[in-house]
Every structure is written in C-alpha cells, then in structure tokens.
Amino acid sequence: RQVQRQIIQSTWSSLRTRTHRAVRRMGGGAKANATAHAQWAQSSGAVVRQAIVDTVKIALSDPKVKSVVICGQNGNFCGGADIKEFGGEMTGPPLIPMIHAIEAANKPMVAAIEGNALGGGLELALGCHYRIAHSKARLGLPEVTLGLLPAAGGSQRLPRLIGVPDALDLITTGRIVTAAEALRLGIVDQVTEHNTVDAAVKFALSVAGQPLDARRISTFPCPRPPDSDALFEEAMRKVRGSARGAMAPVACVQAVRAAATLPYERGMEREKELMATLFTSGQARALQYVFFAQRAVGRWSMPSGAGWDTSKPRPVNKAAVIGLGTMGRGITVALAQTGLSVVAIETQEKQLMEAKQAVTSMLERGAKRRGAAPALDRISYSRNIQAVADVDLVIEAVFEDMALKLEVFRQLSAFCKPGTLLCTNTSALDVDELARGTPNPELVVGMHFFAPAHVMKLLEVVYGKRSSPQAVATAMQLGKKMGKASVAVGNCRGFVGNRMLRLYVEQAFFLLEEGATPELVDGALEEFGFPMGVFRMSDLSGLDVGWRTRKAAGQAQPGEASGQSARIRNGSRYSPIGDLVCEQGRFGQKTGRGWYQYDKPGSRVARSDPWLHSFLEQYRARHGLVARSIDRQEVLERCLYALVNEGFRILEDGIAAGPEDIDVIYVFGYGWPGHRGGPMFYASTVGLPKVLERLEHYHQAHPDVPDLQPCGLLRRLVASGSPPVHRWREVIKKLHSQL
Ligand code: NAI
C-alpha cells in the first residue's frame, strides 16, 4: 500500500504533517511525494507554511484519511517563526488563515508535541483540536521577549483555553512551561512518557468521527472572572512597573483584554492592530538585535585570529571554587546546577559553615523551582587548598587583592594536576599580572561573574596576552553550559563592563556637583529603562566597594581638602563627593543611609534624605560651585554618551571584538533595557553624528574631563557615513589593519 509521507523541515520549525500511520491504521492511503520531501527538507518559513497548507488540504480531501496528526521532526515540534523573516517582506501563505483552516477542519487535527512548541509553534498547536505532549516538551509564547505579541491568534485562543489570569502570566512574561504544567493549566490534553507520535496517532484514531464543535478554541467564550476590570487594571499596573518603558508587555495585556471583552473576530483585529504598532516601534528591532547579538558573541575570536571555530574546549567534569564569599557561593551553586562535581574551598571556618548553609539553601530553592532534586552531593567542602588536586578547572574568588590572588595562584600551580585551567573572578585586576606569577600563563583566564552569580546571566571571559585559545574555549564552553551569555573580552582595567561603568558613574557625580540631586539623576535613568539609577544601585551594592578601590588607587584622600586641587586628580576633574559620603559611614542600604535614607539598615525602600541635600549645598558652597538647573535630557546625554564613548574606545583598542559584545554585556549584566538594544545599538539609533556633536559640546563645556573627548573610532564612523551597527566591524577591522 502506498503511504503518503510528506516531511516538512525548515529553519522556521521542523514540522511534518504525518498522516501515514493514522492513514494506514485507518485503512487509508495516498501517493508518496518524494519530491516535496526533498524540497521541504531545506526550506524556510514560507515554504514550510505552504507545505502545511498543501498537505492539510490533501489530507482533508482524501476520504480515506480520518484524522490527522501534526508533528515535528527530530524530536522537535516547532520553535516558532524564523526571526530573519521579520525584517523583510513576508512571502508564502500567512500563518493566521493556515491555523484557521486547521481549526475549521472536519477531521480531528491532533498536535503531537515533542521538544519545543514555542511562539507560532504553540499557536499552530492551539489551532489543532487536541494536543498530546511528551513529558519533556516545553511550551510557551515568548514573543514578548522579542518586543512582539503572539499575533497568530495566540493572544485570543490561550485565554479562551486556560482563562485570563494564567494566559496573562504566560503571554506578558513569555514564560516557558513544562509539559506537566501545560497539562495542569489545560494547554495540552495528554502527556506521554512514550513515543509522542504513536500516542497521538492512537488518540487520533480514538476520536475519529467524533463531533469537533466543542474543540475549536476560537469558538469558546473567554472565561471572565467577575472582577475582571480590577484584574486587568492590576495586571497593567504590574506590567507597566516592570516593563520599564517596553511596549510589548503592555500590548500583551491589551490583547488579552480584547480576548476577554470582544468577540473572537474583533479580538483578532485588535491583536493585529497592536502587533502593527509593535512592529513599527523600533523596540522589536532592538530586542531582535539583542537576540542575534547573543548568538554573535558565541562566535568569539582573539586578536591572534584564534576563535570558536578553531579552538577545541577541554572537558571539565570537576571544578574548584576558592573563597566562599558572596561570589564564590553563587559560582559553586551555578557549577553544581550544571552537573559538575565541585570542591568548594574557604580558609575561614566560620565563613565555610555559613557558605555551606547558604549554598545548600540556594540549591534547594532552585531545585524546588525546577521540580528537580538539589545537587547537594555534587559539592565537597574543604579548608585545605590541596583539595584541588584532581580538578580540571579552578575559579578563584578571594578578596580583590593582587598580592593575595598571586599567592593563591602560586599554591594552585603547585597542587593542581598538570593542565588544570586557572580562572580568576577578579572585577578589575590585571589578568596578565596574575598569569605572569604562574609557571603556565597559557592556562590562566578571567571568568568575571556578576552578583548573584547563580542568577545573573552575564559572564565576561577575559583572555590575557598569554591565554591559550583552548583555555578561552574551555571557559566559554563552561559559561554556555551554565546558561550564561558568555562574552570573550581582552584584558584591561575593568574589562568591558566596569571600564565603561566608571565613566557613567563619574558623570553622575559631576552632575551632583553642578546642581543635580540623586533623585533627578536616578529618575532620568529609570525613566530611560534602567531598573535602578546610579545612586539607588550604589546604595544597593554598597558605597564602600568603590571607595576601597578609589583609596587603593590613591584617588580618595582622607579628610576634605579645599580649593581647586580637591577636585583634580592627575590633571583631570575628580569628584570626591562619594568619598565624603563614605567618610560619614553612609555605605548605602546596609547602614540604612547612603545617597538616600532607609527605615533601618538592610531595608530596601529608598527615601529622599534632607541631610544629603544640605550636604550637597554645603559642598558646592565650599568649592565655589553655583548650582544650575539641570534637566533629564542632560543627565541622559552626559551619563549615556560618556559610557558609549568609552565603548567606542574599547572597540578601538580591540578589547571587545564588536558592538554586539558590548551590548550583550550591558543588557545581561548592567540592566541596560533590552528594548533599547544595548549602548552601542542605542547610539546607532540616536544617530552617530548627534552623539558626536553632543560629546563635542560637553567636552567643550568641561575641558577638564578628557574622557568626554569623542573617540577616534566614533569620528571615523561618522566620517564614513555612519554605517549601521552590523557594519561597524568592517570599519574597525580596517582601522586595526592600518595601525
Ligand atoms: P567576599 O569578601 O564576599 O569573599 C571573599 C572570600 O574569600 C571570603 O570568604 C574569604 O574568607 C575568602 N578567602 C580569602 N582568602 C582566601 C584563601 N587564601 N583561600 C580561600 N578563601 C579565601 O568577596 P566577593 O564579593 O565574593 O568577591 C570575591 C572576588 O570576586 C573579588 O575579586 C571581587 O572583586 C570579585 N567580584 C565581586 C563581585 C561582587 O559583586 N561582589 C562581582 C564580580 C566579581
């Protein structure tokens, strides 16, 4: 018997409409279509949609076919739209009528969900009459994370299927759920541990011929809780609070509200209108840029030309963490959750006991969230550094003190087996100096995590002059395994993130001297989209951290000097304001006082502090500074363009390979709003000539701040016609080849 088997596979998805087994068991049959198979196997979104439309048509018109099972190939149902299609003209059959045709079919359409059913993939499954999922499947509508909403009926069908509160949660956050949760929510009808397609075929056979009227989700009335107005208002308030200016989460609430209040057809019109607004907003473009930038940074390279494609990582099964303070604890958790055996070493007995407790509870909380067993038995604790003898990689996280770190590296070199990779989690110290202190400098790299290390997604992998490509490849691979956005960067003070941050914080201090308040500066930055402005952030992380660094660098000098020299260091403007605040014992939230005041030490709610305002007035008076009126625009331009300018210098110096590296670092490590695409992308949207002109303006106004002088690369990019951000690498390459 001839059996129809049409396989549709693509970059958009890996979907095939598999009718053969159902057909065979139902006594049906159709002609094989080998040509279609070959063509679709290499195809893109438009071809896949065309193939689904055609295949469904054939299946529905063939009287011998009683039910249809739609499944993916290679264990994956469908990961959603091909984002590359978004930019250009859509070709091929559109998704919405295709899903409507599936839903309107008069034969049971069953989705067999293995792997991912995400975005358009889940919308397609929601068009089916039944959904059978494998227990390991993941389902979700993550469009919001790309600045969009589920606009192929997802925002209208999901609330009708599972109710408004759960649909709001999934659609506004883009949260991906397991098959078990999908079953509990009512998204899928059955979960199987066995072969999903077999289960779906069996199921499709069992429902063949049954009426389908009650299975078409678009015809369901949307269950509306009695207090739905209050529910939507609360959802909108919550989303506006956390969206920080991003439009997509707000549009998602509006779309779900349309599902709850309008008939299906009108709800679909609203979904389309909202989607059109998002498409043209620029935010979706920024978020999609971030999505691709994450992929681009995985293709890292070093100035030598070595990179991801030529360097093979070493296997890492067992790792050690040295120093179990704030960072060491988080790193231990991250490594254990990745499945590695971890030796956690801390010299102080009390710290070790506390760390053990903290790590255990972090692992237990994480395991509970994931519904898995905590990886407690993967960790062994020790006070003796000799316990590193059989590990493949060490991450050092002791105090930020070069002499101490050199001593730890000396001991590690003596006790580790040959070839063990030695990584430092320093925030700013010189990786080359550390490497020079070891017999095998090629094995030394920086692995700069961000606090809390088991939560924050960013990892800067810092290569020194002597780091081997294999060492970098190993650290990058480990970062990837830990689920981090890992970015390979060169060695310089503060690497990429902290080097740029210094300029941003410095401008904020200068603005206080000139008449701004912490409230004004933070307000402008938070309105821009940062979760916290400079001063609120500084209160959270502790003012003493920066103070200690400035003291070590000889910048912060005890007591208040007067006169012009008090505000000059090495010939450049310097603001001692932060040092003076620290001298008052005001270290931020932990002391209950900082740039703001708090109800008690450790409290998180910042309130304006009259003491700080009068301190600023007295400070200005002492230094003969006259407060002027400063607006939010100036705050943004001074803080952000100073940061962007340093980003250009970093590119010019070859510390970061491209703008994407800097943007990923800022979005994933420094709270830069993703819908603005990272600092370098943002500069390109503002327009490089404008950034250059404003920097020139501020440099003229503040000639004692050399960092405001526009960077040569920025000038060069403007001179070459301000190419779009994806073409900057060419200009940088040319610049480096001329040097
Ligand atoms: P921390 O002060 O909380 O912890 C350091 C720990 O190292 C302490 O428990 C100390 O007892 C232990 N220690 C000191 N000497 C040791 C030795 N010889 N052997 C074993 N343990 C030893 O410091 P934190 O904040 O965890 O920072 C650690 C490193 O991570 C520093 O280099 C810091 O610059 C860097 N870092 C810190 C970040 C943060 O947000 N705190 C962020 C990124 C990097």
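Residues numbered from 1 in each chain as written. Predicted model: local features only at pLDDT ≥ 70, side-chain atom pairs only at ≥ 80, totals over all residues. Heavy atoms only, no water.

J.: Explain the sheet that holds strand 8 (residues 177-178) residue by residue, including any values.
T.: Across the sheet, which stays open at both edges, the three strands sit in the order 5-7-8 with mixed pairing between neighbours. With one partner strand each, in any of the chains shown, strand 5 (116-118) and strand 8 form the two edges of the open sheet. Across the face of the sheet, helix 6 (residues 120-127) comes into contact with strand 5 and strand 7 (138-140) while running at roughly 90° to strand 5. (Pairing = 2+ DSSP bridges. Helix = DSSP H or I, 4+ residues; strand = E, 2+ residues; numbered from the N terminus. Contact = heavy atoms within 4.5 Å. Axes fitted to C-alpha atoms, helices over the stretch in contact; angles between N-to-C directions.)

J.: Account for the packing of aromatic side chains, naming residues and giving values.
T.: Taken as a whole and assessed by the stated rule, the structure comprises 18 aromatic pairs. Their ring planes at 75° and their centres at 5.4 Å tell us that Phe-450 and Tyr-670 sit as a pair that is edge-to-face. Here the residue Phe-450 occupies a position in the loop between strand 15 (444-449) and strand 16 (458-463), and Tyr-670 occupies one in the loop between helix 27 (659-669) and helix 28 (679-686), the gap between them amounting to 220 residues. The exposure classification of Phe-450 matches that of Tyr-670, with both residues buried. Geometry around Tyr-596 places Arg-536 over its ring, the cationic atom sitting 4.9 Å from the centre. (Phe/Tyr/Trp six-rings, centres within 6.5 Å; stacked < 30°, edge-to-face > 60°. Buried < 20%, exposed > 50% of the residue type's maximum accessible area, 1.4 Å probe, protein only. Lys NZ or Arg CZ within 6 Å of the ring centre and 35° of its normal.)

J.: For the environment of Ala-367, give the residues involved together with the corresponding values.
T.: By the element assignment, Ala-367 lies in helix 16 (residues 349-370). Overall, Ala-367 belongs to the buried group, its relative accessible area being 1%. Between the alpha carbons of Ala-367 and Gln-337 there is a distance of 8.7 Å; along the sequence they are 30 residues apart. Not counting residues within four places of it along the chain, the set of residues in contact with Ala-367 comprises Ala-372, Ala-373 and Pro-374.

J.: Can you tell me about the site of the ligand, naming the residues and giving the values?
T.: Near the ligand there are 23 residues, and of these Glu-346, Gln-351, Glu-400, Lys-405 and Ser-427 occur at the shortest range. Within the contact set of the ligand, an oxygen atom lies 2.7 Å away from a side-chain nitrogen or oxygen of Lys-405. Ser-427 has a polar side-chain atom sitting 2.6 Å from an oxygen atom of the ligand. Within the complex, 80% of the 830 Å² of free accessible area of the ligand lies under protein. With three residues, the single largest contributor to the shell around the ligand is helix 17 (residues 402-415). Here the shell around the ligand is composed, by residue class, of ten nonpolar, ten polar and three charged. (Near = heavy atom within 4 Å. Polar contact = N/O pair within 3.5 Å; in protein donor to acceptor, adjacent residues only side chain to side chain. Areas by Shrake-Rupley, 256 points an atom, 1.4 Å probe, with all protein chains shown as cover. Nonpolar A, V, L, I, M, F, W, Y, C, P; charged D, E, K, R; others polar.)

J.: Quick rundown of the confidence of the model for the protein chain? Include the residues and the values.
T.: Averaged over all residues, the pLDDT of the protein chain is 91; the fraction at 70 or higher stands at 92%. A low-confidence stretch, residues 1-43 stays under pLDDT 50, and its non-local contacts, those more than four residues away or across chains, total 118 contacts. In the model output, the complex is listed with pTM 0.90 alongside ipTM 0.99. (pLDDT = per-residue confidence, 0-100.)

J.: Before we move on, can you summarise the packing of helix 7 (residues 154-162) against helix 12 (residues 247-261) with the specific residues and values?
T.: The geometry of helix 7 relative to helix 12 is characterised by a closest axis approach of 8 Å and an angle of 55° between their N-to-C directions. With respect to helix 12, the element helix 7 is oriented oblique. Note that helix 7 runs across helix 12; the crossing there is right-handed. Across the interface between the two elements, Ser-155, Gln-156, Pro-159 and Arg-160 of helix 7 pack against Ala-255, Val-256, Ala-258 and Ala-259 of helix 12. Looking at the contact of helix 7 with helix 12 residue by residue, the classes come out as five nonpolar, two polar and one charged. (Parallel < 35°, antiparallel > 145°, perpendicular 65-115°, else oblique. Left-handed = near helix turned anticlockwise from the far one by under 90°.)

J.: Help me get a handle on the sheet that holds strand 15, residues and values and all.
T.: Strand order in the open sheet formed by eight strands is 12-11-10-13-14-15-16-17, and the pairing between neighbours is mixed. Both edges of this open sheet fall to strand 12 (379-382) and strand 17 (485-490), since each of them pairs with a single strand only. For this sheet, the mean angle separating the axes of adjacent strands, direction not counted, is 25°. In this sheet, strand 14 (residues 421-424) lies alongside strand 13 (residues 393-396) in parallel orientation, the contact comprising four bridges. By the bridge assignment for strand 14, Val-394 is matched with Leu-422.

J.: Explain the pairing of strand 4 (residues 109-113) to me, and be specific about the residues and the numbers.
T.: Regular strands have side chains that alternate between both faces of the sheet. Most of strand 4 sits out of view: five of its five residues are buried. Of the two faces of strand 4, the one lined by Met-109, Ala-111 and Ile-113 and the one lined by Val-110 and Ala-112 are each fully buried. Bridging between strand 3 (residues 68-72) and strand 4 involves four bridges; their strand directions are parallel. By the bridge assignment for strand 4, Val-68 is matched with Met-109. Two strands pair when backbone bridges link them, and strand 4 and strand 6 (residues 130-134) are joined in this way by four bridges, in the parallel orientation. When the sheet's bridge partners are listed, Val-110 is paired in strand 6 with Tyr-130.

J.: Could you give an account of helix 6, naming the residues involved and the relevant values?
T.: Helical geometry note: an α-helix holds 3.6 residues per turn, so side chains three or four residues apart project in the same direction. With eight of its eight residues buried, helix 6 lies for the most part within the structure. Every buried residue of helix 6 is listed here: Gly-120, Gly-121, Leu-122, Glu-123, Leu-124, Ala-125, Leu-126 and Gly-127.

J.: Hey, could you go over the packing of helix 3 (residues 45-61) against helix 5 (residues 95-104) for me, with residue numbers and the actual values?
T.: Interaxial distance between helix 3 and helix 5 falls to 10 Å at its minimum, and their mutual angle equals 25°. What the angle tells us is that helix 3 and helix 5 run roughly parallel. Between helix 3 and helix 5 lies a crossing of left-handed hand. In this structure, helix 3 contributes Arg-49, Ile-52, Val-53 and Val-56 to the contact, and helix 5 contributes Leu-95, Met-98 and Ile-102.

J.: Give a detailed account of the state of the cysteines, specifying residues and quantitative values.
T.: Evaluated as defined, the whole model comprises zero disulfides. Among the cysteines around Cys-128, which has no disulfide bond, Cys-71 carries the closest sulfur, lying 11 Å off. Classification of Cys-128 as buried rests on a relative accessible area of 1%. In this structure Cys-492 is not part of a disulfide, and its nearest cysteine sulfur, from Cys-711, lies 13 Å away. (Disulfide = S-S within 2.5 Å.)

J.: So what about the environment of Lys-57? Which residues, and what values?
T.: Tracing the backbone through its elements, the reader meets Lys-57 in helix 3. We classify Lys-57 as exposed; its relative accessible area is 58%. Measuring from C-alpha to C-alpha, the distance between Lys-57 and Ala-105 comes to 9.4 Å, with 48 residues separating the pair along the chain.

J.: Give a detailed account of the nonpolar core, specifying residues and quantitative values.
T.: Residues Leu-412, Trp-595, Leu-640 and Phe-648 are the most contacted members of the largest nonpolar core, which totals 107 residues. Considering every element that reaches this core, the biggest residue donor is helix 26 (residues 632-652), with eleven residues. Dropping the residues within four chain positions of it, Leu-640 is found in contact with Tyr-504, Leu-525, Phe-528, Phe-530, Val-635, Trp-672 and Tyr-682. If you look at the next biggest cluster of nonpolar residues, it comprises 63 residues, including Phe-77, Cys-128, Val-164 and Ala-182. (Core = buried A, V, L, I, M, F, W, Y, C linked by side-chain atoms within 4.5 Å.)

J.: Explain the layout of surface pockets residue by residue, including any values.
T.: Approximately 1,100 Å³ is the volume found for the second largest pocket. Surrounding the second largest pocket, 24 residues form its lining, Arg-138, Ile-176, Gly-366, Arg-369 and Arg-370 being those nearest its centre. Elements with a contribution of two residues or more to the lining of the second largest pocket: strand 8, helix 15 (326-337) and helix 16. Considering every element that reaches the lining of the second largest pocket, the biggest residue donor is helix 16, with five residues. Across the lining of the second largest pocket, the residue classes break down as eight nonpolar, seven polar and nine charged. (1 Å grid on protein atoms, 1.4 Å probe; cavity = no way out; pocket = protein on both sides within 12 Å on 5 of 7 lines; lining within 4 Å. Points joined across faces, edges and corners; volume = space filled by probe spheres on them.)

J.: So, the pairing of strand 11 (residues 341-345): which residues are in play, and what are the values?
T.: Burial analysis of strand 11 places four of its five residues in the buried class, which makes it a mostly covered element. Relative to strand 11, strand 10 (residues 318-322) is paired through five bridges, and the arrangement is parallel. Opposite Ile-322, over in strand 11, you have Ile-345 as the bridge partner. One ladder, built from four bridges, connects strand 11 with strand 12; its direction is parallel. Its bridge partner being in strand 12, Ala-344 is matched across the sheet by Tyr-381. For the handedness criterion, the β-α-β arrangement of strand 11, helix 16 and strand 12 is classed as right-handed. (Right-handed = clockwise from strand over helix to strand, strands pointing away.)

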